[in-house]
Amino acid sequence: MGKGILYGVLAMVIFTPVDLLLLIPLFSLIPGDDFTMSFHLFTYGGVTLLCGVVVTCTYLVLRKLDQVHKNEKQ
């Protein structure tokens with residue numbers, strides 16, 4: 001369990017700089033007025049960050065289910 005929490009924290013540490021340095025400037029290229037983009041720029045970055053966390057957690061759950069399945073066969 002502690003290893004899974006560590007992987008989640010590491011995923012947040014990795015995805016946050018990627019989000020801030022690469023994705024937010026990329027999202028600023030989406031057309032729109034400055035007022036609207038000032039709100040949605042961080043929303044797009046947050047959704048991207050959330051997607052990374054969901055993928056990481058899904059990987060950990062599937063890995064745990066594989067371990068349970070192997071234990072049932074024995």
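All values reported here derive from a predicted model rather than from experimental measurement. (Residues numbered from 1 in each chain as written. Predicted model: local features only at pLDDT ≥ 70, side-chain atom pairs only at ≥ 80, totals over all residues. Heavy atoms only, no water.)

Thoughts on the overall build of the protein chain
Here is step 1: The number of helices and strands found in the protein chain is 2 helices and 0 strands.
Here is step 2: By the compact-globule yardstick of 11 Å for 74 residues, the protein chain is too spread out, its C-alpha radius of gyration being 17 Å.
Here is step 3: When its C-alpha atoms are laid out on the principal axes, the protein chain stretches across 60 × 20 × 15 Å.
Here is step 4: The 74 residues of the protein chain split such that 15% are buried. (Helix = DSSP H or I, 4+ residues; strand = E, 2+ residues; numbered from the N terminus. Rg over C-alpha atoms; globule rule 2.2 N^0.38 Å. Buried < 20%, exposed > 50% of the residue type's maximum accessible area, 1.4 Å probe, protein only.)

Things to note about the environment of cysteine 51
Here is step 1: You can see cysteine 51 is positioned in helix H2 (residues 34–73).
Here is step 2: Through-space distance from the C-alpha of cysteine 51 to that of tyrosine 7 is 15 Å; in sequence the pair is 44 residues apart.

Examining H2
Here is step 1: An ideal rise of 1.5 Å per residue puts 58 Å on 40 residues; H2 measures up with 59 Å between its terminal C-alpha atoms.
Here is step 2: Histidine 40 marks where H2 bends most, by close to 30°.
Here is step 3: Among all positions of H2, only Met37, Leu41, Gly45, Leu49, Gly52, Thr56 and Leu60 are buried. (Expected span 1.5 Å × (residues − 1). Bend = angle between axes of the 7 residues up to and from the residue.)

Looking at a nonpolar patch on the surface
Here is step 1: A grouping of Leu6, Leu10, Ile14, Val18, Leu20, Leu21 and Leu22 is seen on the molecular surface, where their side chains present a nonpolar patch of about 680 Å² in accessible area.
Here is step 2: On the basis of relative accessible area, leucine 22 is assigned to the exposed category, the value being 57%. (Patch = residues over 30% accessible without salt bridge, like charges linked within 9 Å, V, L, I, M, F, W, Y side chains within 5 Å. Areas by Shrake-Rupley, 256 points an atom, 1.4 Å probe, with all protein chains shown as cover. Salt bridge = Lys/Arg side-chain N within 4 Å of Asp/Glu carboxyl O.)

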